[in-house]
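Observations on the three-dimensional arrangement
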Amino acid sequence: MKILVINCGSSSLKYQVIDMDTKNPIAKGLVERIGLSGAVLTHSLTAGKKNIIKTEIPSHVTAIELVLKALVSPEYGALKDLSEIYAVGHRVVHGGEKFANSVVVDDAVMAALKECIELAPLHNPPNIAGIKACQKMMPTTPQVAVFDTAFHQTMKPESYIYGLPYEYYENYGIRKYGFHGTSHKYVSQRAAVLLKKPLQELKLISCHLGNGASISAIRGGRSIDTSMGFTPLDGLMMGTRSGALDPAIVTYIMCRERFSCEQVNDFLNSKCGALGVSGVSSDFRDIEVAAEQGNSRAQLALDIFAHDVKQFIGSYAAVLGGVDAVIFTAGVGENASHMREVICRNMDYLGIHLDVEKNKVRGEEVDVSKPNARCRVLVIPTNEELMIALDTLELTQKKSLQ
Ligand code: ADP
């Protein structure tokens, strides 16, 4: 059984076809520059064949058309016929408070998705465009929406309500939503397998450290707190995002720089974080190299990041009342062994004892703690596509039994 997973951005589209018997992708690809000049589709088969198509791609509908064509191409396709695709799973960034779980898309769901646009004006419209394009091209194939926010809908009000007049929550929906939910959910489930314990019994802290970074406190498989907030700008300092600031800094910068709302938003999202502090790059590999060469601002960016992560681990251990395992995932979490080592230093009080040798791994699923450590440290490569495919399969099989 095969599931197509689609992740639509404003000008890009990533896709994978996953064989659910083996849980591995059989084809994947990326469409770039949708609606712009120089659009390109790069399609590759896991078996090795690769094809690059450069053509006009004015809309998401054209992009999906091209992807489907590539998937059934006799030369470089992965499928004989599109009917082999059992269902399509779509990543949707914001589900607001309407969606605490993935859903099969119908008219009512589509209407609710449109109501969530206000909360994610840049992200949700392309996600919706991707669903509509697939509905058009594959009218009888079920479409499922999987939300970045859904996993965090289990948080309690004391975690998600801000210190603002309550009407701002009621009228504008201002609250903590949290993101990267698909990744936090996936790695927490894998952690239970790795630890050979029921997820229901575990207290976990999951650190998704990539370009965007967030940390979640997970008790019994449910998110009880997370570091991103109303938007993905909150929490840790990230590649280009500031992370949490004294809110008065925002208006102060607006006055000093005469920034409009749009300009300050763009500034905080794309010119700050590790890039702004180091002045080198937003890429942690570049920053590590610069720090090794003696660049003190690059070193400062790394120190701030490690400090932020440590701070969240400490505070979530307090919120959880103890912690069975800390999980590291995403680009930095999976690969940057030195960063993991620095974060885990002086955490003996939580029972964290990193095995420095085991910790030298990159991108493998492994327990990197010393044998007697009370709190395990796990490196678990995330797989958001597989999580989307698993949800999609479960929901569509349920629906076909009804
Ligand atoms: P996103 O999906 O949020 O764009 P990723 O999860 O792919 O991001 O993570 C990208 C980040 O991971 C980049 O900052 C990159 O430098 C970092 N990264 C990848 N490999 C390494 C490595 N070997 N050492 C340090 N950082 C790494």
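To be clear, the structure that these remarks concern was listed above.
Reference entry: report on the structure contained in this document. Keep in mind that what you see is a predicted model, and the values were worked out from it rather than measured.

**As for the site of the ligand**
Around the ligand, the structure places 14 residues, and the nearest of them are N211, D283, F284, R285 and G331. Within the backbone of G331, an N or O atom sits 2.8 Å from an oxygen atom of the ligand. Contacts to the ligand include R362, whose side-chain N or O atom sits 3.3 Å from a nitrogen atom. Protein contacts shield 73% of the accessible area of the ligand, which totals 580 Å² for the unbound molecule. Among the secondary structure elements, those contributing two or more residues to the shell around the ligand are α10 (284–292) and α12 (330–335).

**So, the environment of A336**
Positionally, A336 belongs in the loop between α12 and α13 (337–344). The exposure class of A336 is buried, given its relative accessible area of 9%. Sequence-wise, A336 and E84 are 252 residues apart; in three dimensions their C-alpha atoms are separated by 39 Å. Once residues lying within four places of it in the same chain are set aside, the contact partners of A336 are E288 and G331.

**A look at the pattern of salt bridges**
Summed over all chains, the structure comprises twelve salt bridges. As a salt-bridge pair, R345 and E341 come within 3.6 Å of each other at their nearest N and O atoms. Judged by relative accessible area, which is 41%, R345 ranks as partly exposed. The partly exposed category is assigned to E341, whose relative accessible area is 23%.

**Regarding the pairing of strand β12 (residues 325–329)**
The element β12 is largely enclosed, with a buried count of five among its five residues. Side-chain alternation along β12 places A325, I327 and T329 on one buried face and V326 and F328 on a second face that is also buried. As paired elements, strand β9 (residues 203–209) and β12 share five bridges and run parallel to each other. By the bridge assignment, L204 is partnered in β12 with A325. Across four bridges, the pairing between β12 and strand β14 (residues 376–379) is parallel. Paired with F328 across the bridge in β14 is V379.

**With respect to the packing of α10 against helix α11 (residues 296–320)**
It is at 8 Å that the axes of α10 and α11 come closest, and there the two elements cross at 125°. Taken together, the axis directions place α10 and α11 in an arrangement best described as oblique. In this structure, the crossing between α10 and α11 has a hand that is left-handed. In this structure, α10 contributes F284, I287, E288, A290 and A291 to the contact, and α11 contributes A298, Q299, A301, L302 and F305. Across the contact of α10 with α11, the residue classes break down as eight nonpolar, one polar and one charged.

Cut-offs used in this document
- Residues numbered from 1 in each chain as written.
- Predicted model: local features only at pLDDT ≥ 70, side-chain atom pairs only at ≥ 80, totals over all residues.
- Heavy atoms only, no water.
- Near = heavy atom within 4 Å.
- Polar contact = N/O pair within 3.5 Å; in protein donor to acceptor, adjacent residues only side chain to side chain.
- Areas by Shrake-Rupley, 256 points an atom, 1.4 Å probe, with all protein chains shown as cover.
- Helix = DSSP H or I, 4+ residues; strand = E, 2+ residues; numbered from the N terminus.
- Buried < 20%, exposed > 50% of the residue type's maximum accessible area, 1.4 Å probe, protein only.
- Contact = heavy atoms within 4.5 Å.
- Salt bridge = Lys/Arg side-chain N within 4 Å of Asp/Glu carboxyl O.
- Pairing = 2+ DSSP bridges.
- Axes fitted to C-alpha atoms, helices over the stretch in contact; angles between N-to-C directions.
- Parallel < 35°, antiparallel > 145°, perpendicular 65-115°, else oblique.
- Left-handed = near helix turned anticlockwise from the far one by under 90°.
- Nonpolar A, V, L, I, M, F, W, Y, C, P; charged D, E, K, R; others polar.

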